[in-house]
Amino acid sequence: MWLDWLGRDGKIILVEKAVRTIPYGFLGVLYAVYLKQLGFDLFLIGVVLSLTTASSALYTLVASFVADSLGRKRTLIFFALMDALNMTVGAGEVGPYLSLEQAILPQTSDLRHRTLAFSLYNLIGYLSTAIGAILVGLPHLIGYAPYDYRILFLIYLISGLVGSALYSTVSSNAERVPSRRQDRLLSEKSKPIIVKLSALFAVDAFGGGFIGQSILSLYFLLRYNLDLTSLGLIFAAASIVTAVSFLAAAGIARRIGLLRTMVFTHIPSNLLLLAVPFAPAVSVGVFLLLSRQSLSQMDVPARQSFLMSIVPEDDRTPAAGLTNVSRTIAQSFSPSLAGYAIETVWLGSPFILAGGLKLAYDLSLYRAFHKVKVLGQDLDPHQEQPSRVQTPT
């Protein structure tokens, strides 16, 4: 079978990824537009999106400290149940799930398939997001209107209940941590490199928060006066293009290395991002967006594999948690600033801010880590067991 190399727990995680991200797909398109229809101004919409992301950052931070002591499985079940109270739909999928699943997934496959596992994990997420985006416009496409979009919020709640049931079937192997340190969160060996990566990832996420799906949906609504059906189809296409790109990510990483994959695919995607607000027509704008999406997320599985390869196994949960919480906290400020910039400066200003910050991240990341060695070899091509990490200077 095609997935024989992936263990049962890994397959459960992939199924839950789909269950969780279908609602992210439709709420990412709908949420900001729905708030605008309720009479919220652009700045206040940004504030609401920032608050949802900030609450997720808090959850991620808590998970980083307690998951390995209370149990990853219990922690995942708890946060799945908490989904009924909190929606992190402002800037894509964020939260404790990513950190814990990112720590568990490498344990469900052999080392040769680790980057492929992360590619498949992200591919399923984006395909599911595409399905969710299509759900926004489906009633109009089949001629059924009016449509009460509040039912989609109910589906989001149900997805949390289904997720908790799926997580309850995860085996005890998910808890496998070689040593449980009570005196510190990270080993002294991992701490310097995680601090530096967290700072760099925060810059990238801060930039990305300016062009989260809800902000993009709002932009295309205001710029081109598109309806929800059109917006749903655009972002479904964007998610499908992104998902397809993950099929190539693992192969590219094997050829040029994890770090080069992260940087060399990201730079052209950010140049395309800078061009979007200058598009003279909606067709050009959508083409630039889709072209950008074909490259922009190829760094994600490489980044996740890169991180898991440079820390010992018992540091994986806190390393994933701390880098993700740094991303989420940084990302939580951007939507409110994006709303303010759209309202007071220029409709296209979030694209300029995002593209500039992300380019700065790409160049800084490569400069900081291109000489890092693991087990005496360059960190980019095929390294998998980071027992000895040379801290970047």
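Reading the values: rules and limits
- Note that residues are indexed from 1 along each chain, following the sequence as it is written.
- pLDDT decides what is reported in this predicted model: residues at 70 or higher carry local features, side-chain atom pairs at 80 or more are listed and counted, and totals for whole chains, interfaces and linings draw on all residues regardless.
- With hydrogens and water set aside, each side-chain value is computed from the structure's full complement of heavy atoms.
- Strands here are runs of E lasting at least two residues and helices are runs of H or I lasting at least four, both read from the DSSP assignment and numbered beginning at the N terminus.
- Relative accessibility thresholds used throughout: buried, under 20% of the residue-type maximum; exposed, over 50%; partly exposed, between the two (1.4 Å probe, protein chains only).
- Per-residue accessibility takes into account occlusion by the displayed protein chains alone, with areas from the Shrake-Rupley method and a 1.4 Å probe.
- What pLDDT reports is the predictor's confidence in each residue, on a scale of 0 through 100.
- Whether two residues are in contact is decided by their heavy atoms: any pair within 4.5 Å suffices.
- A pair of aromatic rings is counted whenever rings of Phe, Tyr or Trp (Trp by its six-membered ring) have centres within 6.5 Å, and the orientation is called stacked for planes under 30 degrees apart, edge-to-face for over 60 and tilted otherwise.
- Charge over a ring is defined by NZ of Lys or CZ of Arg lying within 6 Å of the ring centre and within 35 degrees of the ring normal.
- The salt bridge criterion pairs a side-chain nitrogen of Lys or Arg with a carboxyl oxygen of Asp or Glu, the two atoms within 4 Å.
- For helices, the axis comes from a line fit to the C-alpha atoms of the stretch in contact; other axes are also lines fit to C-alpha atoms, and the angle between any two N-to-C directions lies between 0 and 180 degrees.
- Side-chain atoms within 4.5 Å link the members of a nonpolar core, which is a set of buried Ala, Val, Leu, Ile, Met, Phe, Trp, Tyr and Cys residues.
- Given the number of residues in a helix, its expected span is that number minus one, multiplied by 1.5 Å.
- Given a residue, its bend is the angle between the two axes fitted to the seven residues that end at it and to the seven that start from it.
- A 3.5 Å cut-off defines polar contacts: any pair of N or O atoms within that distance qualifies, except that in protein one atom must be a possible hydrogen donor and the other a possible acceptor, and neighbouring residues in sequence count only when both atoms are side-chain atoms.
- Candidate patch residues must exceed 30% relative accessible area and have no salt bridge, after which like charges are joined if within 9 Å and Val, Leu, Ile, Met, Phe, Trp or Tyr side chains if within 5 Å.

Draft legend 1. Up close: the overall build of the protein chain. The helix and strand inventory of the protein chain stands at 15 helices and two strands. Put simply, the protein chain has 393 residues, and 60% of those count as buried. Of the accessible surface of the protein chain, which amounts to about 15500 Å², a share of 66% is contributed by carbon and sulfur atoms.

Draft legend 2. Layout of helix 13 (residues 299–309). By the criterion of burial, helix 13 is predominantly enclosed, with eleven of the eleven residues buried. When helix 13 is considered as a whole, its buried residues turn out to be Asp299, Val300, Pro301, Ala302, Arg303, Gln304, Ser305, Phe306, Leu307, Met308 and Ser309.

Draft legend 3. Representation of the confidence of the model for the protein chain within the structure. Counting all residues, the mean pLDDT for the protein chain is 81, and 85% of those residues have values of 70 or more. At the level of individual helices and strands, the protein chain shows its lowest average pLDDT in strand 2 (residues 377–378), which scores 36, and its highest in helix 11 (residues 266–275), which scores 95. Here residues 374–393 is a poorly scored stretch, pLDDT under 50, and it has 51 contacts once near neighbours within four places are set aside; other chains count.

Draft legend 4. Here's a closer look at the environment of glutamate 313. As for its position among the elements, glutamate 313 is in the loop between helix 13 and helix 14 (316–344). Through-space distance from the C-alpha of glutamate 313 to that of glutamine 107 is 9.2 Å; in sequence the pair is 206 residues apart.

Draft legend 5. Representation of the packing of aromatic side chains. Applying the stated criterion to the full structure yields 14 aromatic pairs. Ring geometry for phenylalanine 306 against phenylalanine 369: centres 6.0 Å apart, planes inclined by 85°, an arrangement best described as edge-to-face. Of the two residues, phenylalanine 306 is situated in helix 13 and phenylalanine 369 in helix 15 (residues 349–369); the sequence distance between them amounts to 63 residues. Comparing phenylalanine 306 with phenylalanine 369 shows no difference in burial state: the two are buried. Among the aromatic residues, ring-to-ring pairing joins Tyr219, Phe220, Tyr224, Phe235 and Phe351 into one connected group. Directly above the ring of phenylalanine 201 sits arginine 303, whose terminal nitrogen or CZ lies 5.6 Å from the centroid.

Draft legend 6. Local environment of the pattern of salt bridges. In this structure the tally under the stated criterion is six salt bridges. One salt bridge in this structure joins arginine 20 and glutamate 101, with 3.0 Å as the shortest N-O distance. Highlighted residues: arginine 20 in helix 1 (residues 8–37) and glutamate 101 in helix 4 (residues 96–104), separated in sequence by 81 residues. In this structure glutamate 101 comes out as buried when scored by relative accessible area, which is 0%. Its salt-bridge partner being aspartate 204, residue lysine 358 comes within 2.8 Å of it at the nearest N-O pair. Pair noted here: lysine 358 is in helix 15 and aspartate 204 is in helix 7 (residues 191–209), with a separation of 154 residues, a long-range link. Just as lysine 358 is buried, aspartate 204 falls in that class too. By sharing partners, the salt bridges in this structure join Glu16, Arg20 and Glu101 into a single network.

Draft legend 7. Here's a closer look at the packing of helix 2 (residues 42–70) against helix 4. Look at helix 2 against helix 4: their axes get within 8 Å of each other, and the N-to-C directions meet at 35°. Of helix 4, the residues touching helix 2 (which contributes Ser56, Tyr59, Thr60, Ala63 and Ala67) are Pro96, Ser99 and Leu100.

Draft legend 8. Spotlight on the environment of alanine 199. One can find alanine 199 in helix 7. Its relative accessible area of 46% is what places alanine 199 among the partly exposed residues. Spatially, the C-alpha atoms of alanine 199 and tyrosine 361 are 9.7 Å apart, while their sequence positions differ by 162 residues.

Draft legend 9. The arrangement of the nonpolar core in detail. In terms of nonpolar packing, the biggest core is built from 54 residues, with Ile194, Leu197, Leu259, Met262, Phe306, Leu365 and Phe369 touching the most fellow members. Top element by residues in this core is helix 5 (residues 114–141). It accounts for six residues. Leu152, Tyr156, Tyr219 and Ala236 belong to the second largest nonpolar core, which has 45 residues in total.

Draft legend 10. Structural context of helix 2. The first and last C-alpha atoms of helix 2 sit 41 Å apart over 29 residues, in line with the 42 Å expected at 1.5 Å per residue. If you look at helix 2, its biggest bend is around 40°, right at serine 64. N-cap assignment for helix 2: the residue whose side-chain oxygen lies 3.3 Å from the backbone N of phenylalanine 43 is aspartate 41. Remark: glycine 71 follows helix 2 within two positions and exhibits a positive phi of approximately 115°.

Draft legend 11. Structural view of a nonpolar patch on the surface. On the surface, Leu81, Ile151, Leu154, Ile155, Leu157, Ile158, Leu161 and Val162 cluster together into a nonpolar patch covering about 630 Å² of accessible area. Among the elements that make up the nonpolar patch, the one with the highest residue count is helix 6 (residues 150–167) (seven residues). Summarising the element assignment, leucine 154 is placed in helix 6. According to the relative accessible area criterion, leucine 154 is partly exposed, its value standing at 46%.

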